[in-house]
Each structure stands twice: as C-alpha cells, then as structure tokens.
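Residues per chain, in single letters:
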Amino acid sequence: MKTAQGTKKADLFGLLGIFGTLALMAATLILSERAAGAAQKGLLLCGKTLIPAIFPFLVLNGLLMRLGFPEWIGRRIGKPVGRLFGISPACVAAVVVGLFSGFPTGAAAAHRICQGGLGSDGDRNRTVLLSSVAAPGFLIVGIGGRMLDSPHRGLALYLFQLAAIVTVGIVNARPFGQRAEGALPVPVPRRKSLFLALGDALRDAADATVGICGAVIFFSALGGMIALLPLPDSLTCLLVCFLEITSGASLAASLLPAPLAFVMIAGAVGWAGCSVHAQTVMVTDGKLKVGGYLLSKCLTALLTALFAAAALFFGFV
C-alpha cells in the first residue's frame, strides 16, 4: 500500500514537473527577447564577477586536493571536528575545502570521500551542508567589492554564513559525545609532480566553472522573466535571490536601499539559491537527501539574515 502511494506521489510530481517545464518553455518563447537579455546579463555577471572570483580558488583547491591536503588536515583535526559535527574524521577535509573554495566544490569532495568508503550516507548529508559555503573570494571581491562597494561587508557576509552553518551543523550532529564513525584518511603514498597536479587542477576547475556559469545563465534567464511581473522591488529581488545568488544579489544591490539589500543578500548567501542546489545534487550523483538539506538551508538563510540585521543595528558594518 505504501509502495502504491509512493508511486502515485512520484507520478504526480512527475506530471507537475512536466507541465511546469512546458509552461516555462512557453514563457521563454513568448518572452524570448527578455529571456535572452537576462541570460546575457547572467553571462556578463559570470565574466565580470563570478569567474574572476572563483576560478583561482577552484584551481588552488584542486591543487591542494592532489598534493595530499585532505589527508594531512584530516589526520590532524579530523577527530575533534568530526566529533563536534557528527561526521567521519575523513569528511572534515571536505569541510575545509568548502570553506575556501565554496559550493559546489565542498559537496563534490564530500561525495568523493564517502564514495571511497570513508563516510556513511549520513556523513555525506551532514558534510554537504557544512561545506555548502559561498567562497570568500566570491563574497569579498564579487559581492562586497563589486556590488556593495565594500569588501568589508563582503567579509562580514562570509563570517555570518559561517556562524549560521556552524550553528545548524551542530544542531544536525549526532547526540553530543557520540563517537564519529569512519576511518582517518590514509596518507597518499605517492605525490604527483607539481606541474602535472596543476594541469589536472586547471582542467577540473575549467569544467566546474563552465557548469556553474551554465546554471547561473539559466536561472538568470528565469529571474529576468520574473522581473517583468508587476511586483514590488523587494519581492522581485527576493524571488530572484531564491533562484540564483549572483543575479539576485546584483538586482538587490541596484534596486533596494543599502541596509535592506545587505540583509536580503545575507539571506541569499545562507540559502545559496536553486542554482547551487541543482549543482549540489549533480555533483553528489543524486545521493543527497534533498529534503533535509533544503530544510537546513532555510534555517541557515534565516540565521545569516538575522546576523546581518543585528550587525547593522549595532553598527558593526
């Protein structure tokens, strides 16, 4: 009976997905000029903001991964950090990668570690959330420096999201004091040459950047069509931020008063956007429990926005 109900629900969601996609296709055809213009803006955002902000970090992350950094850091801080967040000690390396390189790189690293037998499905779900972070370069240079005219505010956004993710990560952890499962990463016995590792890192970073930019352009086109709706600027910005963080942050910075824009962008950073969620599901091969992940991201968004509002109220930013 439960199986039949599950099948009916799957069929219903499948039909809704089909009709929703057809509706979007029709809207794109009717509003083709607007969709194309918005996609072009997304492409410009990628060229002017996204690629310069994240590509160097992706390359350096790939280089670190190939030179043994995950094994090195996991064997040194894996046990205490893993105990705090209820994850395998090996998965701590993915959290560190995510802190520096941002989404979806940390999620991909978490998936690779768990796929290699060093973590469970639960470890994957918790680690993906902990590593689902907007990269510091993107926030400080891209959003702070180029959208908000304040790298200091970009740094503040990075710290606020870290505080929110740590809070949610502790809430999602196993009961306090329970031992994290999984083995420590085994040291890599042989290192690649520096230039070979750099070449591989450049190739993978380029592939990842193309995929990320493709998602940004697609969701930017959807956001452009939303912008045509007769809605208040604040609601329009909120909907676009829900879809894609880069376009949403750019729109909020240009349309809203500075304090409101800062708080909304903070919430968007915590949420990360449907674009990032699609990328995260993609790099984890569909093995992520999406429901729990999205619920945790909603809580992260709320906390990040609250931290930003409090910082404004007390004059810290």
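For the structure, check the block above.
Reference entry: report on the structure contained in this document. (Residues numbered from 1 in each chain as written. Predicted model: local features only at pLDDT ≥ 70, side-chain atom pairs only at ≥ 80, totals over all residues. Heavy atoms only, no water.)

1. Structural notes on the overall build of the chain
Then step 1. Helix and strand content of the chain: 14 helices and zero strands.
Then step 2. Ordering the α and β elements of the chain from the N terminus gives α-α-α-α-α-α-α-α-α-α-α-α-α-α.
Then step 3. Out of the 317 residues in the chain, the part that is buried amounts to 47%.
Then step 4. Relative to all contacts within the chain whose residues are 6 or more apart in sequence, the contacts with residues 24 or more apart total 77%.
Then step 5. Accessible surface, the chain: about 15500 Å² in total, of which carbon and sulfur atoms supply 72%. (Helix = DSSP H or I, 4+ residues; strand = E, 2+ residues; numbered from the N terminus. Buried < 20%, exposed > 50% of the residue type's maximum accessible area, 1.4 Å probe, protein only. Contact = heavy atoms within 4.5 Å. Areas by Shrake-Rupley, 256 points an atom, 1.4 Å probe, with all protein chains shown as cover.)

2. Focus on the side chain of Ser132
Then step 1. Secondary-structure assignment places Ser132 in the loop between α6 (121-131) and α7 (136-145).
Then step 2. A distance of 3.3 Å separates the side chain of Ser132 from the side chain of Lys297, its partner in a polar contact.
Then step 3. Beyond its immediate stretch of four places on either side in the chain, Ser132 contacts Phe103, Ile165, Tyr293 and Lys297. (Polar contact = N/O pair within 3.5 Å; in protein donor to acceptor, adjacent residues only side chain to side chain.)

3. Describing unusual backbone geometry
Then step 1. Omega for the peptide link from Phe103 to Pro104 comes to -5°, which places this bond in the cis form.
Then step 2. Relative to the elements of secondary structure, Pro104 occurs in the loop between α4 (92-101) and α5 (105-115).
Then step 3. One non-glycine residue, Asp149, adopts positive backbone phi at about 55°.
Then step 4. Considering the arrangement of structural elements, one finds Asp149 in the loop between α7 and α8 (151-172).

4. Quick word on the side chain of Ser296
Then step 1. Along the chain, Ser296 falls in helix α14 (residues 290-313).
Then step 2. Overall, the relative accessible area of 10% leaves Ser296 in the buried class.
Then step 3. Within the structure, Ser296 has its side chain in polar contact with the side chain of Asn172 (distance 3.0 Å).

5. Overview of the nonpolar core
Then step 1. Leu50, Phe138, Leu139, Ile143, Leu157 and Ile265 are the most contacted members of the largest nonpolar core, which has 65 residues in total.
Then step 2. When residues no more than four places from it in sequence are discounted, the contact partners of Leu139 are Ala134, Gly144, Gly154, Leu157, Tyr158, Gln161 and Val269.
Then step 3. Grouped together as the second largest cluster of nonpolar side chains are nine residues, Ala35, Phe219, Met225 and Cys274 included. (Core = buried A, V, L, I, M, F, W, Y, C linked by side-chain atoms within 4.5 Å.)

6. Quick notes on the pattern of salt bridges
Then step 1. With the rule as written, the count across this model stands at three salt bridges.
Then step 2. Here Arg203 ties to Asp200 by a salt bridge, and the two come within 3.1 Å at their closest N and O atoms. Taken together, the positions of Arg203 and Asp200, both in helix α9 (residues 194-226) and three residues apart, correspond to about one turn of that helix.
Then step 3. Judged by relative accessible area, Asp200 falls into the buried class, the value being 11%. (Salt bridge = Lys/Arg side-chain N within 4 Å of Asp/Glu carboxyl O.)

7. What about the packing of aromatic side chains?
Both the distance between ring centres and the angle between the ring planes are used here to describe each pair of aromatic rings.
Then step 1. Counting across every chain of the model gives five aromatic pairs.
Then step 2. When the ring of Phe218 is compared with that of Phe219, the centres are 5.1 Å apart and the planes differ by 80°; the resulting orientation is edge-to-face.
Then step 3. On the basis of relative accessible area, Phe218 is assigned to the partly exposed category, the value being 46%.
Then step 4. What makes Phe219 buried here is its relative accessible area of 13%. (Phe/Tyr/Trp six-rings, centres within 6.5 Å; stacked < 30°, edge-to-face > 60°.)

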